[in-house]
Amino acid sequence: MEDKLERVNKRLKDARDDLDKHLEKAQTEEKRLQDKLHDIDERKRQCAAANGDVNVSDDDVIEINAGGKIIAAKRGVLTQLKGTRFEALFCGRWEQKLQRDSSGRIFLDVNPKAFRAIVDWLNVRAISTEDDCPESPTMDEENEGILRHYMRLFFTNSTGTLTNIESVIIKSENYAKTIHDWLSEDDSEGVLSLVHRSSRDGSTIDIDRLESNEDGSNGRALVIIETTEGHIIGGYTNAYHLGLDSAQPCASKSFLFTLCGFDLTSPCKMKVKNGVNDVTVGFPIVGECEVSVLFHNTRDGDFFIYPQALLCLRIGSLYECGPSKQLLQSDCTIKEMEIFQVSDCVDPQKSNERCHSSNAVASNRVEDDIFPAGLSDAIKQKWRALEDMEAEILSLEDSFTDEERFIESFASGCTSDIVILNVSGTMMVTKRATLLVVEESMLAQQFDDSKWTEQGSNKSQVKQWTTEEVVEWVSTVEGIQDDVSNLFMENKINGSELLALDKDGLQMIGVKRVGTLCLLFDEIKSLKETVGQDVATLIEHSPYCFGKILDYLRLKHLNALDLTGLPPLPTVCDRKKETFDKVVKYYFPGNSSKLILG
């Protein structure tokens, strides 16, 4: 009897020891993660102390020199999309690091019209409800590609995912987040680039817009549909085929989804059913098939889109069927359809680091039910919570690292690096580095170190005058005698001090005659009024054509900084095409012109 009791007590002790070990591991891991979170907060605090302004307010009015145009907005409007690079620019954490023009305004080397469109969109968004968010900003066809580039630059997070979706269908942030969450579940997140919108491009899908991967295989795509009945439904594929005769790769990570409608109370994701290993997704070529999009295999199909704006649902053969019976068999009329290319934009090294770090947590999970059901479930939930916490911390780390790199490479710099261009009467402002991005161009030669003389305002240059230069200026004032010039030399008056002198100051350095005093005071006043104007370099070409070149160079520079992808070639109206070609060939002689003309 005593032996049996002893064995039971030993089992209890062993079980308690095992439980204590698991709890101790969990507590150790939680402390490690809390320390990492504290380290991130400390990095941000130190950054704000070194580079920021602790007295910022959402009501601050910020003036921005956007490529030569002054745009003003409240800080709260500009920072409403948290976690984005755009928010980082204006949150105040980098206030002292930002590049500024000669008037002290934040300078951004961007297309002014595109930046204006973004700020206008944010202004409307700030007064909209969550269920009535405005559509993503748009521009005319010539500038739409430029705007899309800036949207990716400013609103792409550290994992390479657009924090909003360029969709006229997805207006709710909750829906956008739901789609991103679904993609992240299968490590399928990426940048969503709109390649087709039926209201814009018609019902026929131009498959040439669907890009292939570097290895020649087809990439990933997301389809979103709004029906006239008010349903929002779609599908994602990790691989697709173009045309029926091409290779049809397995789309094992594909899924269908509904966001609203079909009598559903919440969004629903429908994955490929267990045991189905040959599902494919295709965008057939026009004429070879009456269907334009299909989720199918050789035997069945669950999701068909016809060019006649008809959506046929037969969900259940290949994909899990949602909670609504309407999904088993429904024919709907398409009101709007959008197709997005999903491209990778994640540093593989970071992905490996994230995976390795996450595995460190996952390795400690309780996989077997070695404890009673309730206790095992509680411990498992604890480790899942720690995994989620670590994933969030890794995202915060990546985000802040990306933020530092973005501010340093895009938004910082000296005032002297800002170049003001007078393009046949139209003022444009850019960074010198932008003009140097194509080394073979005449612009790079004109603004390189050997030929470039620092620009800026006349006022900045006057402030830098030496005493000798001040004396020289005084001697040029008509009616001023030489002995008065000597007073400025004796008192060692430099440029900054000259601009600060008033009548009392002139008397203090020894100017006694009333007429000379008034004459000098008026001349200094006139100097202040005339020197506030910035010095500009004259460009004797069409503002339209040169502006197209400058926009391309801006995007090319962003690509060189590894902040965006390759820029699109400039879109030029037909009546300006001949002139544009001439201007490009003038600034980019020989083969270098192909960079812009294609």
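Here, every reference points to the structure presented above.
Please read all numbers here as calculations on a predicted model, not as lab measurements.

Student: Sorry, what's going on with the overall build of the chain here?
Tutor: Check the secondary structure of the chain and you find 20 helices and 19 strands. Taken over 598 residues, the chain has a buried fraction of 46%. Accessible area for the chain stands at about 30400 Å²; split by element, carbon and sulfur atoms hold 48% of it.

Student: When you look at unusual backbone geometry in this model, what are you seeing that I'm missing?
Tutor: Note: most peptide bonds trans; most residues except glycine with negative phi. At Ser 424, a residue that is not glycine, the phi angle is positive and equals roughly 50°. Mapped onto the elements, Ser 424 comes out in the loop between strand 15 (418-423) and strand 16 (426-431). Classification of Ser 424 as partly exposed rests on a relative accessible area of 45%. The phi dihedral of Lys 492 is positive, around 50°, even though this residue is not glycine. As for its placement among the helices and strands, Lys 492 is situated in the loop between helix 14 (482-490) and helix 15 (495-500).

Student: Quick question: what am I supposed to make of the pattern of salt bridges here?
Tutor: When charged atoms on two side chains of opposite charge get close, those side chains can pair. By the definition in use, this model includes 25 salt bridges. In this structure, Lys 335 and Glu 226 form a salt bridge, with 4.0 Å as the shortest nitrogen-oxygen distance. Of this pair, Lys 335 sits in strand 14 (residues 330-343) while Glu 226 sits in strand 5 (residues 220-227), and the two are 109 residues apart along the sequence. Each of Asp 60, Arg 75, Glu 95 and Arg 100 takes part in one network of salt bridges that share partners.

Student: In this structure, what is going on with the packing of helix 13 (residues 467-476) against helix 14? I would like to understand it.
Tutor: Helix packing for two helices is described by the angle between their axes and how far apart those axes are. Here helix 13 crosses helix 14 at 165°, and the two axes come no closer than 9 Å. Of the possible angle classes, the one that applies to helix 13 and helix 14 is roughly antiparallel. Relative to helix 14, helix 13 is oriented so that their crossing is right-handed. From helix 13, Thr 467, Glu 468, Val 470, Val 471, Val 474 and Ser 475 reach across to helix 14, where they touch Ser 485, Phe 488 and Met 489.

Student: What should I look at first to understand the sheet that holds strand 3 (residues 106-108) in this one?
Tutor: Pairing between sheet strands relies on hydrogen bonds along the backbone, with the strands arranged either parallel or antiparallel. Ordered by their spatial adjacency, three strands build an open sheet running 2-1-3, and the pairing between neighbours is mixed. Each end of this open sheet is capped by a strand with a single partner; those strands are strand 2 (69-74) and strand 3. The average undirected angle you get between the axes of adjacent strands in this sheet is 30°. Relative to strand 2, strand 1 (residues 61-66) runs antiparallel, the two sharing six bridges. Counterpart to Ile 64 in the pairing with strand 2 is Ile 71. Across the face of the sheet, helix 4 (residues 112-126) comes into contact with strand 1, strand 2 and strand 3 while running at roughly 15° to strand 2.

Criteria and thresholds
Residues numbered from 1 in each chain as written. Predicted model: local features only at pLDDT ≥ 70, side-chain atom pairs only at ≥ 80, totals over all residues. Heavy atoms only, no water. Helix = DSSP H or I, 4+ residues; strand = E, 2+ residues; numbered from the N terminus. Buried < 20%, exposed > 50% of the residue type's maximum accessible area, 1.4 Å probe, protein only. Areas by Shrake-Rupley, 256 points an atom, 1.4 Å probe, with all protein chains shown as cover. Salt bridge = Lys/Arg side-chain N within 4 Å of Asp/Glu carboxyl O. Axes fitted to C-alpha atoms, helices over the stretch in contact; angles between N-to-C directions. Parallel < 35°, antiparallel > 145°, perpendicular 65-115°, else oblique. Left-handed = near helix turned anticlockwise from the far one by under 90°. Contact = heavy atoms within 4.5 Å. Pairing = 2+ DSSP bridges.

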